[in-house]
Amino acid sequence: MSAIKIDNIILFSLLGVVIALNLYYFFRQSFKRKTILKHLSATKETLQETLQKVIDLKRKKDPLELLSSNQNNGESLLISFDKDGMILDVNESALNFFGYEKEELIGKNIFGTLAVDEKEADKMPFLEKIRLNPRLMIEYETKNRKKNREIAYISWTNRFIYDEKGQIAQVYSVGFDITQKKKLEREVLNLLTKDAVTGAFNKQTFLQEARRELSRSRLLNTDFSLLLMKLDYFQLLGAHQEYTFSDQALKDVADICFQALRPFDIFGRLDDVKFAIVLPGTSEKDAHRTEDLIKTKILEKNLRTEHGESFLTPAFALISGQKIQESIDFLLIKANDMLEKEK
């Protein structure tokens with residue numbers, strides 16, 4: 001075989017290989033394109049289905065159905081109201097929980113019927129918060145009143161519907177009863193901050209609250225009064241023998257103090273026989289009046305001990321003034337020294 005024939009055979013062989021490789025690459029790319037187009041078509045169908053579901057949800061006539069579609073808990077309280085708080089719709093769970101018939105709530109304002117804030121009928125703060133920053137009001141807790149006047153605490157999740165001007169038109173709320181949780185929280189808080197026998201602040205909490213009030217008094221240049229009270233002794237009526245304090249007697253003393261004090265006064269038990277009172281914005285003259293009132297009430301009351309009726313003699317020390325620079329701890333030491341000197 002000549003050299004020319006051999007070269008032609010090699011050339012045609014190489015050409016065949018090149019053609020085969022090109023055909024393989026062509027069919028492979030064609031297959032990939034078909035696969036990609038298939039996936040794109042499937043994705044398009046999925047997006048269309050999802051969009052249709054959203055459209056169907058928005059077209060539902062009952063606005064509460066939009067909320068409840070994502071709620072699996074049958075105990076959800078569902079309420080819708082407008083921007084002024086007027087109730088538009090309520091589900092069966094909410095009606096049963098609050099004890100109303102539907103006709104009793106539709107068209108009524110949610111404030112003054114279901115929702116109760118610290119100022120009772122003051123409905124504007126909540127609505128203004130919604131208008132100013134709806135994001136802050138997506139989740140919140142409220143104090144609520146049932147038809148039988150029972151108080152309940154509800155955790156709400158809100159969804160807002162806007163009008164064409166971008167203003168809130170309606171509020172859809174989903175609520176869950178957290179009354180028991182709140183009760184447990186209060187009990188834990190009381191254990192951490194209150195004296196178990198008397199209900200007064202324990203020493204740590206009293207000092208914390210008193211420091212805060214003293215700082216406020218300095219800042220505002222207002223009167224600040226501190227009363228330290230020590231129960232000197234119990235004496236059995238008709239005898240001269242001293243007896244130990246009973247829990248009931250201490251509770252009676254604390255109750256007398258609570259009745260004589262204002263809601264914002266700070267009352268604490270420092271140890272077994274010592275109590276302290278901070279009287280914000282109270283002059284020395286008015287503080288002495290409070291001291292005399294508590295002392296009179298205690299002396300008038302016969303307190304029971306395990307040995308019979310008894311009476312006690314409370315001793316007081318008062319520190320009062322404006323722009324007091326000393327710390328609460330120093331003031332208590334100073335007041336205690338005053339009590340010791342009186343003995």
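Everything below is about the structure printed above this text.
Quick look at the structure, then. If you're wondering where the values come from, they're calculated on a predicted model, not measured in any experiment. (Residues numbered from 1 in each chain as written. Predicted model: local features only at pLDDT ≥ 70, side-chain atom pairs only at ≥ 80, totals over all residues. Heavy atoms only, no water.)

### A look at the layout of surface pockets
Rolled over the atoms, a probe with the dimensions of a water molecule shows which regions are left empty. Selection rule: Buriedness of a pocket was judged along seven lines, with at least five required to meet protein on both sides within 12 Å; pockets are open sets of points on a 1 Å grid over the protein atoms alone, cavities are sets where a 1.4 Å probe fits but cannot get out, and lining residues have an atom within 4 Å of a point. Grid points are joined across faces, edges and corners, and a volume is the space filled by probe spheres set on the points. Secondary structure elements are defined from DSSP: runs of H or I of at least 4 residues count as helices, runs of E of at least 2 residues count as strands, and each element is numbered from the N terminus. Note on residue classes: Ala, Val, Leu, Ile, Met, Phe, Trp, Tyr, Cys and Pro are nonpolar, Asp, Glu, Lys and Arg are charged, and everything else, Gly too, is polar.
In this structure, the second largest pocket spans a volume of roughly 190 Å³. Elements with a minimum of two residues in the lining of the second largest pocket: helix 7 (203-220) and helix 10 (328-342). Of all the elements, helix 10 adds the most residues to the lining of the second largest pocket, at four residues. Looking at side-chain class alone, the lining of the second largest pocket contains five nonpolar, one polar and four charged residues.

### Concerning the packing of helix 8 (residues 247-260) against helix 9 (residues 284-300)
What counts here: Axis definition: a line fit to C-alpha positions, over the contact stretch in the case of helices; interaxial angles, taken between N-to-C directions, run 0 to 180 degrees. The handedness criterion is simple: a crossing whose near helix is rotated anticlockwise from the far helix by less than a right angle is left-handed, and one whose near helix is rotated clockwise is right-handed. Here, residues are in contact when the closest pair of their heavy atoms is within 4.5 Å.
Running from N to C, helix 8 and helix 9 point in directions that differ by 145°, and their axes come no closer than 10 Å. When you trace helix 8 past helix 9, the crossing you get is right-handed. The segment helix 8 lies against helix 9, with Val253, Ile256, Cys257 and Ala260 engaging Leu293, Ile294, Lys297 and Ile298. Here the residues of the contact of helix 8 with helix 9 are counted per class, giving seven nonpolar, no polar and one charged.

### As for the environment of phenylalanine 316
So the rule is basically this: A simple rule labels every residue: compare its accessible area, found with a 1.4 Å probe on the protein chains alone, to the largest value its type can have, and call it buried under 20%, exposed over 50%, or partly exposed in between.
With respect to the helices and strands, phenylalanine 316 occurs in strand 12 (residues 308-321). For phenylalanine 316, a relative accessible area of 6% puts it in the buried group. Between the C-alpha atom of phenylalanine 316 and that of asparagine 336, which follows or precedes it by 20 residues, the distance is 9.2 Å. With residues near it in sequence (within four places) discarded, phenylalanine 316 still touches Leu227, Leu228, Met229, Glu291, Ile294, Lys295, Leu339 and Glu342.

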